[in-house]
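Residue-level structural notes
Here is how the chains run, residue by residue.
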Amino acid sequence: MTSCYYVNQWERETYICANISLWDEKRTCLCCLWHLRRGGRVRDPGQHVKISASLFTALLLSIMLPEESWCLTRSQFHHYTFIHQNIDKANYSKRLLNNFSFCVFLGLPNSRKDVVTVTPWLAPVVWEGTFDTNILDAIYKPQNITVATTVFAVGKYVQFLKDYLESAEQYFMLGYRVHYYIFTDQPEAVPTVTLGADRRITILKIPGSDRWQEITLRRMEMIMNLIETQLVNKADYIFCLDVDTKFYGHWGAETLSHLVAAIHYLFYTASRDQFTYERRPESQAYIPYGEGDYYYGGAMIGGLVREVYKVTKTCHLWLNMDKANSIEALWQEESHLNKYFLYNKPTKLLSPEYLWCDPFQSNDVKIIRYSHVWKDVSKVRPN
Amino acid sequence: MRLLKNSHLFVLSLVGLLLVGCIYFGYTSAWFRYAGSRSGVADGLSYKQPSILNGRKDVITVTPWLAPVVWEGTFHTTLIDAIYKMQNITVATTVFALGKYVQFLKDFLESAEKHYMQGYRVHYYIFTDQPEAVPTVTLGASRSLTTLKISSSNRWQEITLRRMERLEKLIETQLSNEVDYIFSLDVDTKFYGHWGVETLGDIVAVIHPGYYSTPRDDFPYERRSESQAYIPYGKGDFYYGGAVIGGRVEKVHKLAKTCRMQLDVDKANSIEAAWQEESHLNKYFLYNKPTKILSPEYLWQDTKYITPDIKIIRFSQVIKNYAKVRPNP
C-alpha cells in the first residue's frame with residue numbers, strides 16, 4: 001500500500017492518504033493530487049508529482065475498476081477524518097469527476113431518513129428515533145416540574161377512564177409529578193386506579209349534556225377556568241387529552257415545550273386543501289383553501305400552562321362568537337384549534353405516533369404511543 | 001412564406017391556449033382564489049404546504065434533545081420573518097478586533113450589511129484597541145454601531161480568553177433592557193449568504209466545520225482533568241465552534257459568566273485549555289444543551305473543500321496568514 005504526505009499551501013494541514021493499489025511508491029495518490037492542483041507541496045521531497053498524460057490515463061483507468069479504497073486525512077491542528085469505503089463504481093467515478101477527489105465526508109446523517117423531523121419554522125417534529133430519553137430526562141428532571149392532565153369523561157364516556165388511567169400509569173410521564181384532573185358528571189363512576197409515587201387525581205364535577213358536540217365545545221372554557229383557579233402556580237406543563245384513548249407506548253419529556261400540538265393521523269400525508277378545516281367564512285374557525293400547515297388533532301393540546309391558557313381563552317372566545325352567530329364549526333373546537341395553531345405556530349409537533357386511532361396502519365409510524373380506542377359511537381354518545 | 005405563416009398561427013394558438021388555461025385555473029385553482037387578506041402570521045403569506053414526508057432528510061435536522069439543526073431547506077424565510085417581525089426585536093452583535101485583526105472589520109461589516117439580519121434592528125459592538133482604525137461603513141436603516149476601546153495583549157490566546165469576561169460585562173452594563181438577542185462573532189470572517197432570524201433561539205451554538213463528521217473521541221476537547229474545561233473520552237455531542245455564540249441576552253450572560261469563572265479557575269491553576277474559551281464553551285454546551293444548533297453553513301472556513309451536504313456558505317472564516325496577524329505564534 002502506498003501512501004503520500006501532503007501539506008497545503010498555508011502550511012497548516014497534513015494529509016496522509018492511503019492509496020488505491022495501482023500506484024507504486026513513486027506516484028502520488030488521487031487525494032494528494034487533487035490537493036496539489038489547488039496549491040501546496042508534497043511533504044516528502046523524494047516524491048515528485050507531475051500531471052502527465054500517462055498519469056492521467058492511469059487515473060482514469062483506476063476509476064473504472066471497482067476498488068475498495070479509503071482515504072484518511074488528518075491535520076496537525078484539527079483532526080479531520082475523511083473515510084469512504086466500498087465505493088461502488090458509479091459513485092466513485094461521479095465523485096471523482098465532480099470533485100477530483102475520492103475523499104468523502106460521512107457528514108451528519110439524519111436519524112430518521114424517511115420523515116421530516118423539523119417544520120419550516122424550525123419546530124421539531126417528535127418521531128421515534130429522533131430523541132434520546134436519557135438526555136431529555138437529564139434536562140427536565142432537575143427542573144422538578146409538575147405536569148397536569150385534563151380529561152373529560154361525561155355520560156357513557158366514563159367507561160373509558162379505567163383503561164385510560166391504567167395505561168397512563170404505565171407510560172405517561174413516568175418519573176415526573178403528574179396531576180390528573182378528571183371532569184365528569186358522575187364522580188362516583190371514576191374507577192380507583194393505583195397511582196405511582198408523586199401522582200394524584202382530582203375529580204371535578206360538571207354538568208352533562210344531551211349533545212356530544214356541546215360537551216366537546218365546553219372543554220375550552222372549563223380548561224381555561226381550571227388554569228385560572230387552580231393551575232397557575234401549581235403546574236408547569238399541561239396536557240389536554242381525550243378520554244376515549246389509551247397509552248400503548250412511552251410518552252415522556254420529549255413532548256414538553258412551550259406550545260405542543262399533535263398531527264392528526266388521518267391527514268399527515270394529505271394536501272392542505274383536503275384538511276377538514278372549517279371552510280365557511282362566517283365562522284371564526286374559517287381557514288381558506290390554500291392555507292394551512294398541518295391538520296392538528298383536537299385530542300391533544302399541550303405546553304406551558306400560560307401558553308395553553310392563551311389557546312383555551314382564544315378558542316373559547318371564538319366559540320362564543322360562533323354560538324352568537326348560530327354557527328358550529330365542522331369539527332367543533334378542533335376546527336378552532338387548527339385556526340389558532342395556524343396563526344400561533346406550535347413550538348413542537350408530535351408525530352401521529354402520539355395521536356393514533358386503533359385500526360389504522362402506517363409504515364412511518366414505528367410505535368403507537370397513544371391512540372383512540374375503537375368505540376361504537378351509537379352506544380356512547382348521547383346523540 | 002408558408003412556414004412563417006404556419007409558425008405565426010402556431011404561436012397565436014399557443015397564446016390562445018395559455019389564456020384559456022389561465023382563465024380556467026383562475027376559476028378552479030385554490031392558488032388564484034387565495035388572494036384576500038387575513039390577520040395574523042399567514043397574512044398575505046403564500047408558502048408551500050409543509051410536508052411530513054418530503055424535505056431535507058440527508059442531514060440531521062433535530063438533535064437527540066429535540067433542538068432543531070438549521071440547514072438550507074429546513075426553513076421558510078418568509079414564515080419565520082412573519083413570526084419575528086411582529087416581535088420588534090433588537091439583535092446585538094459583538095466582535096473583537098484587536099491588533100492587526102482590525103483589517104478584517106471592513107469586510108465583516110460590509111458583508112454583514114448585505115446578509116446579516118436584514119430588516120431587523122441590529123446594534124454592532126466593536127471591541128478594539130484602535131478605535132480610529134474602525135472603518136466607516138454605511139449602515140442600513142435601524143442599524144447602529146458602537147466602538148468600545150479595550151486594551152490589547154501580546155498573546156492572542158490572552159485576547160481570546162478575555163472575550164467571555166468582556167461579553168459578560170457588556171451585557172450587564174448596557175444590554176439587559178435594550179436588546180433581545182445577542183450574537184458574539186469572530187471578526188476574521190465574512191458573510192456570504194443569508195443569515196436571518198432562523199438563527200434565533202434561547203441559546204444557539206454552531207457546529208464547527210472541521211469536526212462535524214468526526215467521532216467524539218477525536219474532538220479536540222480539553223482532555224486534561226485538571227482543567228475546568230475537561231471532557232472525558234466517550235462524552236460529547238458535537239464540537240461547537242467558538243466563533244459563533246448566540247441566544248437570548250440573559251442566557252448568553254449566564255454562559256459568559258460561567259465560562260469566565262471557569263477560565264479564572266484555570267488561570268489560577270496555571271492551565272490553559274487546548275482551544276482556550278472554545279474548550280470551555282464546549283464544556284458548557286455539553287451540560288447546558290443549546291436549544292438551537294446552526295449547521296456548518298453558518299460557520300465555514302474559506303480553506304475548506306465544500307462537501308455535498310453544504311448547499312450554501314453563509315458565514316466563513318477568511319484565509320489569513322497567522323504569522324502576519326497574530327501578535328505571537
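Quick caveat: nothing in here was measured; it's all calculated off a predicted structure. Residue positions within a chain follow its written sequence, with the count starting from 1. The lettering of chains begins at A and the numbering of ligands begins at 1, in the order of writing. Residues qualify for local features only when their pLDDT is at least 70, as the model is predicted, and side-chain atom pairs are given and counted only at 80 or more; totals for whole chains, interfaces and linings, by contrast, use all residues. To get the side-chain values, all heavy atoms of the structure are used, and hydrogens and water are removed first.

1. Brief notes about the overall build of chain A
Check the secondary structure of chain A and you find 10 helices and 14 strands. Residue burial is assigned from relative accessible area. The probe radius is 1.4 Å, only protein chains are included, and a residue is buried under 20% of its type maximum, exposed over 50%, and partly exposed in between. Relative to its full complement of 383 residues, chain A shows a buried share of 57%. Of the contacts formed within chain A by residues at least 6 apart in sequence, a portion of 70% connects residues at least 24 apart. About 16900 Å² of surface is accessible on chain A, with carbon and sulfur atoms providing 52% of the total. Secondary structure elements are defined from DSSP: runs of H or I of at least 4 residues count as helices, runs of E of at least 2 residues count as strands, and each element is numbered from the N terminus. Only heavy atoms matter for contacts: two residues are in contact if any of them lie within 4.5 Å across the pair. To measure how exposed things are, a 1.4 Å probe is used in the Shrake-Rupley method; for residues, cover is taken only from the protein chains shown.

2. A look at the UniProt feature "binding site: Mn(2+)" (unreviewed entry) in chain A
Residue and element names in this part refer to chain A. Per the UniProt annotation, the sites labelled "binding site: Mn(2+)" (unreviewed entry) are Asp-242 and Asp-244. Residue position: Asp-242 is located in the loop between strand E8 (237–241) and strand E9 (245–247). A relative accessible area of 17% means that Asp-242 is categorised as buried. With residues near it in sequence (within four places) discarded, Asp-242 still touches Val-151, Tyr-164, Arg-219, Ala-299, Tyr-370 and His-372. On the basis of relative accessible area, Asp-244 is assigned to the buried category, the value being 5%. Other than its neighbours up to four places away in sequence, Asp-244 contacts Tyr-157, Phe-160, Ser-371, His-372, Val-373 and Lys-375. UniProt positions are given in the numbering used here, feature names are shortened, and annotations may be inferred rather than shown by experiment.

3. Quick look at the UniProt feature "binding site: an alpha-L-fucosyl-(1->2)-beta-D-galactosyl derivative" (unreviewed entry) in chain A
Residue and element names in this part refer to chain A. In the UniProt entry, the feature "binding site: an alpha-L-fucosyl-(1->2)-beta-D-galactosyl derivative" (unreviewed entry) is given for His-264, Thr-276 and Glu-334. Separation in sequence by 71 residues is not matched in space for these annotated residues, since their most distant C-alpha atoms are only 10.9 Å apart. Positionally, His-264 belongs in the loop between strand E10 (259–263) and strand E11 (296–304). Ignoring sequence-local partners within four residues, the contact set of His-264 consists of Tyr-295, Tyr-296, Gly-297 and Glu-334. Here a polar contact is taken to be a pair of N or O atoms separated by no more than 3.5 Å, where protein atoms must pair a possible hydrogen donor with a possible acceptor and residues adjacent in sequence count only if both atoms sit in side chains. Side-chain polar atoms of His-264 contact the backbone nitrogen of Leu-266, separated by 3.1 Å. The residues touching Glu-334, leaving out its near neighbours within four places in the chain, are His-264, Tyr-295, Tyr-296, Gly-297 and Gly-298.

4. Looking at the pattern of salt bridges
Pairs can form between side chains of opposite charge once their charged atoms are near each other. Residues and elements named next belong to chain A. Salt bridges are identified by distance alone: a Lys or Arg side-chain nitrogen within 4 Å of an Asp or Glu carboxyl oxygen. Overall, the coordinates contain 26 salt bridges over all chains when judged by the stated rule. Across the pair Glu-328 and Arg-211 runs a salt bridge whose closest N-O atoms are separated by 3.3 Å. Placement of Glu-328 in the loop between helix H8 (305–324) and helix H9 (333–343) and of Arg-211 in the loop between strand E7 (199–205) and helix H6 (212–217) is noted, with a sequence separation of 117 residues between them. Exposure remark for Arg-211: the relative accessible area of 33% places this residue in the partly exposed category. Through salt bridges with shared partners, one network takes in Glu-128, Glu-353 and Arg-369.

5. Some thoughts on the nonpolar core
Counting 101 residues, the largest nonpolar core has Tyr-116, Met-117, Leu-185 and Trp-195 of chain B as the members making the most contacts within it. An automatic or database domain assignment supplies the start and end points of every domain. When residues of this core are assigned to domains, at least three map to each of domain 1 (6–141) and domain 2 (144–380) of chain A. Met-117 of chain B has contacts with Val-91, Val-122, Arg-143, Phe-183, Trp-195, Gly-196, Val-197, Thr-199 and Leu-200 of chain B, leaving out every residue within four places of it along the chain. Core analysis: the second largest hydrophobic core is formed by 85 residues, Val-260 and Ala-299 of chain A together with Met-164 and Leu-263 of chain B among them. Residues grouped as a nonpolar core are buried Ala, Val, Leu, Ile, Met, Phe, Trp, Tyr and Cys residues, joined through side-chain atoms within 4.5 Å.

6. Brief notes about the packing of aromatic side chains
Working definition: a ring pair exists when centres of Phe, Tyr or Trp rings (six-membered ring for Trp) sit within 6.5 Å. Plane angles under 30 degrees give stacked, over 60 give edge-to-face, the rest tilted. Evaluation of the coordinates by the stated rule reveals 44 aromatic pairs over all chains. Consider the rings of Tyr-116 of chain B and Phe-183 of chain B, whose centres lie 6.5 Å apart with planes at 80 degrees: the pair is edge-to-face. One end of the pair, Tyr-116 of chain B, is in the loop between helix H4 (105–115) and strand E3 (121–128); the other, Phe-183 of chain B, is in strand E5 (residues 181–185), with 67 residues separating them in the sequence. Look at Tyr-116 of chain B and you get buried, because its relative accessible area is 0%. For Phe-183 of chain B, a relative accessible area of 0% gives the class buried. Through a chain of ring-to-ring contacts, three or more aromatic side chains come together here, namely Tyr-164, Phe-172, Phe-239, Phe-247, Trp-251, Tyr-354 and Tyr-370 of chain A. By definition here, charges over rings are those cases where NZ of Lys or CZ of Arg is within 6 Å of the ring centre and within 35 degrees of the ring normal. The lysine or arginine in question, Arg-223 of chain B, covers the ring of Tyr-233 of chain B, its NZ or CZ lying 4.1 Å from the ring centre. A cation over a ring is seen here: Lys-289 of chain B above Trp-65 of chain B, with NZ or CZ 5.2 Å from the ring centre.

7. So, unusual backbone geometry
Residue and element names in this part refer to chain B. At Met-117, a residue that is not glycine, the phi angle is positive and equals roughly 50 degrees. Checked against the element boundaries, Met-117 lands in the loop between H4 and E3. Exposure remark for Met-117: the relative accessible area of 0% places this residue in the buried category.

8. What to know about a nonpolar patch on the surface
Residues and elements named next belong to chain B. The patches reported here contain residues having more than 30% relative accessible area and no salt bridge. Joining distances are 9 Å for like charges and 5 Å for nonpolar side chains (Val, Leu, Ile, Met, Phe, Trp, Tyr). Side chains of Phe-10, Val-11, Leu-14, Val-15, Leu-18 and Leu-19 sit close together on the surface and give an oily, nonpolar patch of about 590 Å² of accessible area. Locating Leu-14 in the fold gives a position in helix H1 (residues 2–28). Leu-14 sits in the partly exposed class, given a relative accessible area of 42%.

9. Let's talk about the side chain of Gln-317 of chain B
Residue and element names in this part refer to chain B. Take Gln-317: it is sitting in strand E11 (residues 315–317). Side-chain polar atoms of Gln-317 contact the side chain of Gln-301, separated by 3.4 Å. In contact with Gln-317, other than residues within four places in its own chain, are Asp-186, Asp-188, Thr-189, Ala-243, Leu-299, Trp-300, Gln-301 and Asp-302.

10. A closer look at the sheet that holds E8 of chain A
Residues and elements named next belong to chain A. The criterion for strand pairing is that DSSP finds at least two bridges linking the strands in question. Taken in spatial order, the 8 strands of this open sheet run E4-E12-E10-E11-E8-E5-E6-E7, and their pairing is mixed. Either end of the sheet is taken by a strand with one partner, and the two such strands are strand E4 (125–126) and E7. Bridge analysis of strand E5 (residues 146–153) against E8 gives 4 bridges, and the strand direction is parallel. Across the sheet, the residue bridging to Thr-150 is Cys-240, located in E8. Sitting on the sheet, H8 is in contact with E8, E10 and E11, with an inclination near 140 degrees to E11. Whenever a helix is involved, its axis is fitted only over the stretch in contact; in every case the axis is a line through C-alpha atoms, and angles between N-to-C directions fall within 0 to 180 degrees.

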